Every structure is written in structure tokens, then in C-alpha cells.
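Understanding the architecture of this molecule
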Amino acid sequence: MQSDNALARELRHHYLFAPLSDAQRQVLLASAERRRFTAGEHLFGHGDAAARFFLLRSGCVKLYRLSPEGDEKIMRLIRPSQTFAESVLFMDTPHYPVHGEGVEEGELIAFDRDTFLGILQESFATCRAVMGQMTQRIQAHWDEIETLALQNSRYRVVHYLLGLLPAGAEGRVTVTLPARRVVIAAHVAVTPETLSRTLRALSDERLIEVAGDELTILDVAGLRRQMH
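Figured I'd write up the structure that's included with this text. All residue numbers refer to positions counted from 1 along the written sequence of the respective chain. Residues qualify for local features only when their pLDDT is at least 70, as the model is predicted, and side-chain atom pairs are given and counted only at 80 or more; totals for whole chains, interfaces and linings, by contrast, use all residues. Each side-chain value is derived from all of the structure's non-hydrogen atoms; neither hydrogens nor water enter the calculation.

**Comments concerning the overall build of the chain**
Rules: Elements are defined by DSSP. Helices are runs of H or I of four residues or more, strands are runs of E of two residues or more, and each kind is numbered from the N terminus. The quantity called the radius of gyration is restricted to C-alpha atoms. Its globule counterpart is 2.2 Å times the number of residues to the power 0.38. Accessibility here uses a 1.4 Å probe with only protein chains present; expressed as a share of the type maximum, an area under 20% marks a residue as buried, one over 50% as exposed, and anything in between as partly exposed. The contact rule is simple, with two residues in contact once any of their heavy atoms fall within 4.5 Å. Accessible areas in this description were obtained via Shrake-Rupley with a 1.4 Å probe; residue shielding takes into account the shown protein chains only. Note on charges: Lys and Arg go in the positive column, Asp and Glu in the negative column, and His and the chain ends are not counted at all. Here the site of a charge means atom NZ of a Lys, CZ of an Arg, CG of an Asp or CD of a Glu.
Across its full length, the chain carries 8 helices and 9 strands. A compact globule built from 228 residues would reach a C-alpha radius of gyration of about 17 Å, and the chain, at 19 Å, matches this within 12%. On the principal axes, the C-alpha backbone points of the chain span a range of 55 × 45 × 30 Å. The burial tally for the chain puts 45% of its 228 residues in the buried class. Within the chain, counting contacts between residues at least 6 apart in sequence, those at least 24 apart form 71% of the total. Looking at the chain as shown, the accessible area adds up to about 11,800 Å², and 51% of this sits on carbon and sulfur atoms. Averaging the locations of the 26 positively and 29 negatively charged side chains of the chain gives two centres separated by 4 Å.

Here it is in C-alpha cells:
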């Protein structure tokens, strides 16, 4: 795949690719594929052989598992500039641990697992830097699991809204909800009714404003204080 300047810049600032040199990133991009997907499109299945991992450029993707009864449990909602399925990099026999499905149409970059591993094998310093970054991400995921498991519904909704903000956001910030509310509710383990009720309460408290898919956090610091 021929890299464009915007994608090359994005990779320089992404945790998984930042430790690579420009030359190493070009090698990785040469074996990558750009893919469009539609809402509802099945991207991969739980247990499928995994030769690639992904970077989302636009749209939204959900990662989920099915219970023995067939109930869907959303593990993550992927937003633009986030990677997913990178855990397959270090599996002896790589298989996707979840299902992946498009929530909204968009575009992703599919990176070749073996090419990335080859880059790491050639440079211990690069490998160590990437592993350090991945360890931090794993810790962040454990923190998220704790939030979903131990905290009440209001805390979980506020935690999710704050997670939509760009780094360093302060004051008044408007974001676009990345998925339908029923999908977001499933992700934060609340009913759609509870999500709507919580958003209404936050609006009544003048912490947020909601207009369709646009959500404005009126006071980022004030919303953060709800976490304590």
C-alpha cells in the first residue's frame, strides 16, 4: 500500500508505531492494505486465524463475544486512530479472541502481523519500546474492566464520555457519539433506558448538552469531579 502523508504522520504519534523508525514504518506500510467496510459488515470472527491487525481511520467498529445463550457482550468500541486486534502479534498460533463488526461505515488499515514481527526481531531496542507501550495499554484496559465491573451506572457513563475527549481537553468540548445509544449502553453495561436517564440527569445539572449525535461537555473539569 502506498502511504499518504496524513497516515504517515498519524503512525508517528500512535503508541504502537511511534517506536519504529521512518524506514521501519515504510516497510510495514508496504505490506498493509486499506479497506472500506459498511455498517453491519463482519470483519472477523472469534477463533478465526489472524494474519493481520488493524488501525481504524474512520467510522466505528465493535469487538464482542457471544455467550453460550447467544447474547452479545461488547468488549470495546473502536474509534478513529485506535488500533485493534494487536494482541495477535504475540500469540504462538494467532487467532482473533473476539468478533469484529462495523458499527458505522468507514475505513481501516490492515497491517501484516509477520511483517511487524520481522521488524521487532531485527531490533531489540524497537521491540522493547513497543512492549513497554503495550504494557501501558494493557494496564489501561484492566482499569476499564474494573470501572465496568465495580462502579455504578452513572460512574460508568461519565467515564465513557470522558474517554471520548482528546488528550488535554479542558473547558467546553463538543464530541460526536461514535455509535448508536443502544450500542454505547451495551458497551458500558447499562440498559438503554439507564443511559438515557443518566444523560438527562447530566444535562439537568448543566454538565452536558445533547443534540442528536453531538454531545457537548460544558465543563470538563466539572464532569471529571463526578468520578470522585
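**Regarding the packing of aromatic side chains**
Where we set the bar: Aromatic pairs are defined between Phe, Tyr and Trp rings, using the six-membered ring for Trp, whenever the two ring centres lie within 6.5 Å; interplanar angles under 30 degrees are classed as stacked, those over 60 as edge-to-face, and all others as tilted.
Under the defined criterion, the tally for this structure stands at 10 aromatic pairs. Relative to Phe116, the ring of Phe53 has its centre 5.5 Å away and its plane inclined at 75°; by these criteria the two rings are edge-to-face. Within this pair, whereas Phe53 is found in strand E3 (residues 52-66), its partner Phe116 is found in helix H3 (residues 113-122), the two being separated by 63 residues in sequence. As far as the burial class goes, Phe53 and Phe116 line up, both buried. Three or more aromatic residues joined by ring pairs form one cluster here, namely Phe17, Phe53, Phe111 and Phe116.

**A closer look at the side chain of Arg113**
Tracing the backbone through its elements, the reader meets Arg113 in helix H3. In contact with Arg113, not counting residues within four places along its chain, are Ala50, Ala51, Arg52, Phe53, Val88, Leu89, Met91 and Pro94.

Function cannot be read off these values alone, since they describe shape.
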